[in-house]
2 protein chains.
Amino acid sequence: MTDQNVINIYRNKALVNFEGKDFLGQIGVDSRIFNALNGGGISVGVISQQAIENGISVLVDEDDAQDAVDVLKKEFEKEKSEGHVSNIYSIENLSVIGFVSDNYNKILSELQRNKIFPLLLSQIASAGRVNIVVTGNQTEITKNIIETEIYGKPKTVHLALIGHGNVGGTLVEQILDSAHDILNRKRVELKIVAIANSRKVAFNKAGFGSDWRQKIKYSQNESSVQSLVDFANEHHLENLVMVDNTASKDFVKNYPIFVENGFDVVGSNKIYNTLPIAEYRNFRKLLEKNKKKYLYETNVGAGLPLIDTIKLLHLSGENITRIKGVFSGTLSYVFNNFSLRNDKFSTITSEAMEKGFTEPDPREDLSGNDVARKLLILARELDLINEFDDINIQNLVPENLLSVSKEEFLSRLEELDVDYQKIKESQEPNHVLRYVGDLHGDLQKEKGELDVKLISVPANSALGQLKGSDSIFEIYTESYGENPIVIMGAGAGAKVTARGVFGDILRLSETK
Amino acid sequence: MTDQNVINIYRNKALVNFEGKDFLGQIGVDSRIFNALNGGGISVGVISQQAIENGISVLVDEDDAQDAVDVLKKEFEKEKSEGHVSNIYSIENLSVIGFVSDNYNKILSELQRNKIFPLLLSQIASAGRVNIVVTGNQTEITKNIIETEIYGKPKTVHLALIGHGNVGGTLVEQILDSAHDILNRKRVELKIVAIANSRKVAFNKAGFGSDWRQKIKYSQNESSVQSLVDFANEHHLENLVMVDNTASKDFVKNYPIFVENGFDVVGSNKIYNTLPIAEYRNFRKLLEKNKKKYLYETNVGAGLPLIDTIKLLHLSGENITRIKGVFSGTLSYVFNNFSLRNDKFSTITSEAMEKGFTEPDPREDLSGNDVARKLLILARELDLINEFDDINIQNLVPENLLSVSKEEFLSRLEELDVDYQKIKESQEPNHVLRYVGDLHGDLQKEKGELDVKLISVPANSALGQLKGSDSIFEIYTESYGENPIVIMGAGAGAKVTARGVFGDILRLSETK
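Criteria and cut-off values
- Residues numbered from 1 in each chain as written.
- Chains lettered and ligands numbered in written order.
- Predicted model: local features only at pLDDT ≥ 70, side-chain atom pairs only at ≥ 80, totals over all residues.
- Heavy atoms only, no water.
- Helix = DSSP H or I, 4+ residues; strand = E, 2+ residues; numbered from the N terminus.
- Expected span 1.5 Å × (residues − 1).
- Buried < 20%, exposed > 50% of the residue type's maximum accessible area, 1.4 Å probe, protein only.
- Polar contact = N/O pair within 3.5 Å; in protein donor to acceptor, adjacent residues only side chain to side chain.
- Pairing = 2+ DSSP bridges.
- Contact = heavy atoms within 4.5 Å.
- Axes fitted to C-alpha atoms, helices over the stretch in contact; angles between N-to-C directions.
- Parallel < 35°, antiparallel > 145°, perpendicular 65-115°, else oblique.
- Left-handed = near helix turned anticlockwise from the far one by under 90°.
- Nonpolar A, V, L, I, M, F, W, Y, C, P; charged D, E, K, R; others polar.
- Domains from an automatic or database assignment.
- Buried area = accessible area lost by both parts, 1.4 Å probe.
- Salt bridge = Lys/Arg side-chain N within 4 Å of Asp/Glu carboxyl O.
- Core = buried A, V, L, I, M, F, W, Y, C linked by side-chain atoms within 4.5 Å.

Our focus in this paragraph is helix 12 (residues 329-340) of chain B. All names here are of chain B. Taking 1.5 Å of rise per residue, the 12 residues of helix 12 would be expected to cover 16 Å, and the 17 Å separating its terminal C-alpha atoms lies within 8% of that figure. Among the 12 residues of helix 12, 11 are classified as buried, and the element is accordingly described as predominantly covered. Taken together, the buried positions of helix 12 are Gly329, Thr330, Leu331, Ser332, Tyr333, Val334, Phe335, Asn336, Asn337, Phe338 and Ser339. Capping of helix 12 at its N-terminal end is provided by serine 328; its side-chain oxygen lies 3.3 Å from the backbone amide nitrogen of threonine 330.

Below you can see the structure in the form of structure tokens.
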């Protein structure tokens, strides 16, 4: 008896293909084929015939392949010369994998997702047993995928992490901490098989452990997209996810390569979503075509559940009429403190720098470009086709300090104090300053109005109540009326951003 | 030439199965089978053989099936008596469906999800053409599914809506409003094929339109779970979703029947998630086994993105340390107003009744049971095994009014005023009253502490700032530190609840 749980693998097989038209399916042809093979002393394995179509395939031992082709060519010499039989040939170096599963189609769809297309498959429901034929070098990965399904072996998700700085490094630690629990609870094994920075890449097919920093430090491999793709192919890794936690403008150009090579994409890098709308949309089409996903919840508001919420509301037909909020943790800190305390603007900005809340050159935060990028990303979730240049950005840096060196800017920071003190004091009573992104206008049109600016709001409003370096987002919709959905909390920081990226990885794993 | 885009259907076919062990695969057996059939004048169609295993199947015209069995029985009479051939028989009333697709496995997985398991399938990668054999009555649904994939026909999701009151009725309208857009943008066609209340059910295979209220009003069909399941089976509907917008304690008992019959489940009904933990977990296992999903984002906070956020944070290993908030829109309204205005508690409660914010008997709101149920649902998302009885609930109704009639309670409502006035006045300065749910304690243990109670909070805190009948949820986690994630907005109301249910339907559709 065949053990129901065994996966049988027969290597070194060959397919003999017999092609002809308006010919097969005639009474007697089958018999002639098998008689001929029989006469040649050739044992025939799995047979699949498309008699009502144009071909028949017969499985034989690789050693018999040439003989089989020869005897069939001889038997059908006449029909071949008459054009009824168009081709007789063999494909070698194949494996037959036989197994029993009540979840056969799931296995096939897993194989397909991993770009394995069996040359031949045959299933008899009553027998319950299935045979598929794959090329020799796909044998191992095919076996792994089948085992995963049959034995309930946990599904493995292979992660290639690009960038291991603040966010990326924290993500590695979070994944290593939780991998065991996730395996137990969801039967999903998260394996970090590659970690790369702009110079080097380290690989570990078995998955990195707590010594990953050493491994990348001493890695001799130069970083390249091709080496990542090659590694995945060589080791036949299934369920590939590329995670981009860099802020690189150049690296995003590689996203399409990853998608075409079977990777889903997750990341905190927000560059791709702010490229010209044509590129933005082309990438979506590429994803759809390749049945891959791109998740980027952390592009706006770090781990706060913002993008997914907006996506679902929009798709379910909810008329989103306005999105407004404090998008920058840095500028949240600056204006929350400047509004309440009796300190100069320059004092608080320097303080934010010292706490590591700002970019090395704080003008990058004060320029409003980061807020603008986030606002643009939300606008595009509503199918608006705005470009970055459409955004009205109030740059908080005075014009005469825009192009000086960083050092000079920092030394002249106090020049900003007079103006901001004036703005602060000219507010109505019980008002505070907030630097906001505001998407408004008629959002049913092709483009919305995108403003990034400093405003004065009542201290007891939701925006006015903001604390620390928290972000806040108000989503106004038709059904929710005057009181918006408000989502508030730490909208920046390595830990919460990494956790948000982790959430996206888990979302993806659920669909696998 | 075969048209690459045509789906060929051959009806009235039969499979002749030939079973034996340690016998097939021997040289010569194939030839004998085909010679015998050939000799009987029987044309053989698709052949699938598991020669290295235990069976061979041959496809013939239904009319030839008995002859084929007879000639094979005769040919192998000796082997049958010796036990080498165990069985020769036919399965009739079959169809062969032949098609070309580069997304073959997707089709198979769609078929499987719809509980169609081909009796036989054969594919030759080089020929590109696939044949599958299904039972006659599955021919149409199989053809539909294949067409959906091959021609990019939109995927149809079939909805059975239970309950068409406030939330259910609004949902129907929202779906009818947005269906066209969703079809265009996501290639998903949402069809409402059944609408039921506790007495009647109306069916429409083509999908209900704007006259759905008339149709259910004049429907003659008595409502029953079996009739819903039968309808889906009879019409071979794929992608079934049962949507429960009732508050019925009895109806949830049917969820397992729906899941076993191929339905995913979505709903605002929160009863199932508050059943004893054993039932709660068994249902999860049933879902997993049947690869079905149950989504219920609106169980807590209506359309606010609460449950999904908590799920992802928890699964990604974020240590959620506390969840606290105003869970009831009704009690939000009552205490927001009572805290700020100089009106009596009874005045404001009556006002809430008149505005339709309360249940017909406001004691159902004031009892705190609804808040407790929501709190329990969140606790269970964290894998806590609390039961409803574990919750400490402060019932806002004095004991002597608990068991009087609704009319008597309403007439004696003013008896509550003295106590609540006292509570209000004994607060610290600038404090307000809030009726909260609070999940705390060591949430790494098996059970957490669940409190539902009236508390006094600073007016300028997030809870204190709450307005109207909004809900607010504070999620405290390790990474987010002292400042929680805050999610705030309308947490009740037909429109936002229906929109939330709609969001769940779309989430489900994405995985199909």
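We are not done yet, so read on.
The next subject is the sheet that holds strand 8 (residues 188-196) of chain B. Residue and element names in this part refer to chain B. Read from one edge to the other, the open sheet built from 6 strands follows the order 9-8-7-10-11-12, with strand pairing classed as mixed. Whereas interior strands pair on both sides, the edge strands pair on one side only; in this sheet they are strand 9 (201-203) and strand 12 (294-295). Both strand 11 (residues 263-267) and strand 12 contribute to a ladder of 2 bridges, which runs parallel. Directly across from valine 265, in strand 12, lies its bridge partner tyrosine 294. Sheet strands touched by helix 8 (residues 225-234): strand 7 (155-162), strand 8, strand 9, strand 10 (240-244) and strand 11. Its angle to strand 9, the strand with the most contacts, is close to 5°.

Residue and element names in this part refer to chain A. Two elements in contact, helix 12 (residues 329-340) and helix 13 (residues 345-354), have axes separated by 9 Å at closest approach and are oriented at 140°. With respect to helix 13, the axis of helix 12 lies oblique. Once helix 12 is placed against helix 13, the crossing between them reads as right-handed. Packed against helix 12, whose contacting residues are Tyr333, Val334, Phe335, Asn337 and Phe338, the element helix 13 presents Phe345, Ile348, Thr349, Glu351 and Ala352 at the interface. Considering only residue class, the contact of helix 12 with helix 13 consists of 7 nonpolar, 2 polar and 1 charged.

This brings us to the packing of helix 12 of chain A against helix 17 (residues 417-425) of chain A. Axis angle and axis distance: for two packed helices, these are the angle between their axes and the distance between the axes, and together they describe the pair. Residue and element names in this part refer to chain A. Between helix 12 and helix 17, the shortest axis-to-axis distance is 11 Å and the interhelical angle comes to 65°. The pairing of helix 12 with helix 17 is recorded here as roughly perpendicular in orientation. Between helix 12 and helix 17 lies a crossing of right-handed hand. Contacts between helix 12 and helix 17 pair Phe335, Phe338 and Ser339 from the former with Tyr420, Gln421 and Lys424 from the latter. For the contact of helix 12 with helix 17, the residue count by class is 3 nonpolar, 2 polar and 1 charged.

We now examine the sheet that holds strand 16 (residues 449-458) of chain B. The strand order across the open sheet formed by 12 strands is 14(A)-16(A)-15(A)-13(A)-17(A)-18(A)-18(B)-17(B)-13(B)-15(B)-16(B)-14(B), and the pairing between neighbours is mixed. Only two strands of the sheet have a single neighbouring strand rather than two, namely strand 14 (392-393) of chain A together with strand 14 (392-393) of chain B. In terms of strand pairing, strand 15 (residues 431-440) of chain B meets strand 16 of chain B through 10 bridges, oriented antiparallel. For histidine 440 of chain B, the partnering residue across the bridge sits in strand 16 of chain B and is glutamate 449 of chain B. Sitting on the sheet, helix 12 of chain B touches strand 13 (320-326), strand 15, strand 16 and strand 17 (470-477) of chain B, and the angle it makes with strand 15 of chain B is about 150°.

The subject of this paragraph is the domain arrangement of chain A. All names here are of chain A. Taken domain by domain, chain A comprises domain 1 (8-150), domain 2 (155-299 + 498-510) and domain 3 (307-492). At the interface, 8 residues of domain 1 touch 9 residues of domain 2. Taken together, both faces of the contact between domain 1 and domain 2 bury some 730 Å²; the carbon and sulfur share is 46%. The interface formed by domain 1 and domain 2 contains 0 salt bridges. Linking domain 1 with domain 2 are 1 residue pair in polar contact (both at pLDDT 80 or more), by the criterion used here. Contributions of two or more residues to the side of domain 1 that touches domain 2 are made by helix 4 (104-113) and helix 5 (139-150). Split into classes, the residues belonging to the side of domain 1 that touches domain 2 amount to 2 nonpolar, 3 polar and 3 charged.

As a further point, take the nonpolar core. Within the largest apolar cluster, 164 residues are counted, with the highest numbers of intra-cluster contacts made by Phe335 of chain A together with Phe335 of chain B. The contact partners of phenylalanine 335 of chain A, leaving out residues within four places of it in the chain, are Phe345, Leu396, Tyr420, Leu433, Arg434, Tyr435 and Leu454 of chain A. In terms of nonpolar packing, the next biggest core, distinct from the first, is built from 38 residues, Phe18, Ala68 and Val69 of chain A together with Leu37 of chain B among them.

This brings us to the environment of alanine 490 of chain B. Following the sequence through the fold, alanine 490 of chain B ends up in strand 18 (residues 485-490). With a relative accessible area of 14%, alanine 490 of chain B lands in the buried category. Each C-alpha atom of the pair alanine 490 of chain B and asparagine 17 of chain B lies 63 Å from the other, and the pair is 473 residues apart in sequence. When residues no more than four places from it in sequence are discounted, the contact partners of alanine 490 of chain B are Tyr480 of chain A together with Gly301, Ala302, Leu304, Asp470 and Val496 of chain B.

Attention now goes to helix 6 (residues 166-186) of chain A. Look at helix 6 of chain A: 28 Å from first C-alpha to last across 21 residues, which is about the 30 Å you get at 1.5 Å a residue. Looking at helix 6 of chain A, one finds that the buried residues are Val167, Gly168, Gly169, Thr170, Leu171, Val172, Gln174, Ile175, Ser178, Ala179 and Ile182 of chain A. Along its buried surface, helix 6 of chain A packs onto strand 7 (155-162), strand 8 (188-196), helix 7 (212-217), strand 10 (240-244) and helix 18 (494-510) of chain A together with helix 11 (307-315) of chain B.

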